[in-house]
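Below are the chains, spelled out letter by letter.
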Amino acid sequence: MLDVYVRLSVKEAERLAPRHLYSALDDDAPCDMATPTLQGVTEWVADGPRALSFGWDWSAPIDIGLVAHWSSLRTNLMLVDESGADLDAEATRACVARVMERGGWQREVVRILDLSSAA
């Protein structure tokens, strides 16, 4: 069966070195003046057997910094166990979150969008 997923083991996925592709502020996000928050999206890519992509939504509550909404992760990565069987979406999200947090995705998005005074 052909599908869109690139399948990697957890060990292979944890060695990925994603690169920033695109980030933007979400101009359509509702604004609550009581708790002002920036919101946006970011997209990253990594080399693999085929190109891998990772995109997710984020927000930046004032005085907290950028916070990923990993439940919104959009990716073509599917983790597999030692036997090659697909793991679930939660395992994939958790692994991508570890890789991206380790790589400091927030610093790059702040730099790209010039948010140094906002986040």
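The structure displayed is predicted, hence computed values, not measured ones.

**Looking at the packing of aromatic side chains**
Link 1 in the chain: Across all of its chains, the model carries four aromatic pairs by this definition.
Link 2 in the chain: Their ring planes at 40° and their centres at 4.6 Å tell us that Trp-56 and Trp-70 sit as a pair that is tilted. Taken together, the positions of Trp-56 in strand 4 (residues 52–61) and Trp-70 in strand 5 (residues 67–75) put the pair 14 residues apart, joining distant regions of the chain.
Link 3 in the chain: Accessibility expressed as a relative area gives 0% for Trp-56, which makes it buried.

**Some points on the pairing of strand 6 (residues 77–80)**
Link 1 in the chain: Burial along strand 6 is two-sided: Leu-77 and Leu-79 and Met-78 and Val-80, pointing in opposite directions, are all buried.
Link 2 in the chain: Across four bridges, the pairing between strand 1 (residues 6–9) and strand 6 is parallel. Across the sheet, residue Arg-7 finds its bridge partner in strand 6, namely Met-78.

**Section: the packing of helix 2 (residues 89–103) against helix 3 (residues 105–113)**
Link 1 in the chain: Where helix 2 contacts helix 3, the axes come no closer than 5 Å and their chain directions differ by 60°. Judged by the angle between their axes, helix 2 and helix 3 are oblique. On the side of helix 2, the interface is formed by Met-100, Glu-101 and Gly-103, while helix 3 contributes Trp-105, Gln-106 and Arg-107.
Link 2 in the chain: Its residues assigned to classes, the contact of helix 2 with helix 3 shows two nonpolar, two polar and two charged.

**A few points about the side chain of Thr-92**
Link 1 in the chain: For Thr-92, the position within the fold is in helix 2.
Link 2 in the chain: Dropping the residues within four chain positions of it, Thr-92 is found in contact with Thr-75, Leu-77, Met-78 and Leu-79.

**Brief notes about the environment of Val-6**
Link 1 in the chain: Residue position: Val-6 is located in strand 1.
Link 2 in the chain: Each C-alpha atom of the pair Val-6 and Arg-50 lies 6.7 Å from the other, and the pair is 44 residues apart in sequence.

**So, the side chain of Asn-76**
Link 1 in the chain: Looking at where Asn-76 falls in the secondary structure, it is placed in the loop between strand 5 and strand 6.
Link 2 in the chain: Of note is the side chain of Asn-76, whose polar atom sits 2.9 Å from the backbone nitrogen of Ser-53.
Link 3 in the chain: Beyond its immediate chain neighbours, meaning those up to four positions away, Asn-76 contacts Val-4, Tyr-5, Val-6, Ala-51, Leu-52 and Ser-53.

**Points about the nonpolar core**
Link 1 in the chain: Ranked by internal contacts, the top residues of the largest apolar core, which has 26 residues, are Leu-52, Phe-54, Trp-56, Trp-70, Leu-77, Met-100 and Trp-105.
Link 2 in the chain: Listing elements by their share of this core, those giving two or more residues are strand 1, strand 3 (37–46), strand 4, strand 5, strand 6, helix 2 and helix 3.

**Some remarks on the pattern of salt bridges**
Link 1 in the chain: For the structure on display, the rule yields seven salt bridges.
Link 2 in the chain: The salt bridge partner of Glu-90 is Arg-93, with a shortest N-O separation of 2.9 Å. Highlighted residues: Glu-90 and Arg-93, both in helix 2, separated by three residues, approximately one helical turn.
Link 3 in the chain: Each of Asp-3, Arg-7 and Asp-86 takes part in salt bridges that share partners, so that together they form one network.

**A few points about the sheet that holds strand 3**
Through backbone hydrogen bonds, the strands of a sheet pair up, either in parallel or in antiparallel fashion.
Link 1 in the chain: Read from one edge of the open sheet, four strands run 2-3-4-5, paired in antiparallel fashion. Unpaired on one side and paired on the other, strand 2 (19–25) and strand 5 mark the two borders of the sheet. Shown here is a sheet whose adjacent strand axes are inclined to one another by a mean of 20°, direction ignored.
Link 2 in the chain: Relative to strand 4, strand 3 runs antiparallel, the two sharing ten bridges.

Parameters at a glance
Position numbers for residues count from 1 along each chain, tracking the sequence in the order it is written. Since the coordinates come from a predicted model, pLDDT governs what is reported: local features require at least 70, and pairs of side-chain atoms require 80 or more to be given and counted, while whole-chain, interface and lining totals use all residues. By convention in this description, side-chain values take in all heavy atoms of the structure and omit both hydrogens and water. Here the aromatic set is Phe, Tyr and Trp, taking the six-membered ring for Trp, and pairing holds for ring centres within 6.5 Å; pairs whose planes are under 30 degrees apart are stacked, those over 60 apart are edge-to-face, and all others are tilted. Think of it this way: any DSSP run of H or I at least four residues long counts as a helix, any run of E at least two long counts as a strand, and we number them from the N terminus. When accessible area is computed with a 1.4 Å probe and restricted to protein chains, residues below 20% of their type maximum are described as buried, those above 50% as exposed, and intermediate ones as partly exposed. Should DSSP find at least two bridges between two strands, the strands are taken to pair. Angles run from 0 to 180 degrees between N-to-C directions of axes, and those axes are lines fitted to C-alpha atoms, restricted for helices to the stretch in contact. Here roughly perpendicular refers to angles of 65 to 115 degrees, roughly parallel to angles under 35, roughly antiparallel to angles over 145, and oblique to all remaining angles. In this description, contact between two residues means that some pair of their heavy atoms is separated by no more than 4.5 Å. Ten residue types, Ala, Val, Leu, Ile, Met, Phe, Trp, Tyr, Cys and Pro, are classed as nonpolar, four, Asp, Glu, Lys and Arg, as charged, and the remainder, Gly among them, as polar. A 3.5 Å cut-off defines polar contacts: any pair of N or O atoms within that distance qualifies, except that in protein one atom must be a possible hydrogen donor and the other a possible acceptor, and neighbouring residues in sequence count only when both atoms are side-chain atoms. We define the nonpolar core as a collection of buried residues of types Ala, Val, Leu, Ile, Met, Phe, Trp, Tyr and Cys that are connected through side-chain atoms lying within 4.5 Å of one another. Salt bridges are identified by distance alone: a Lys or Arg side-chain nitrogen within 4 Å of an Asp or Glu carboxyl oxygen.

In short, shape yes, function no, at least from these values alone.
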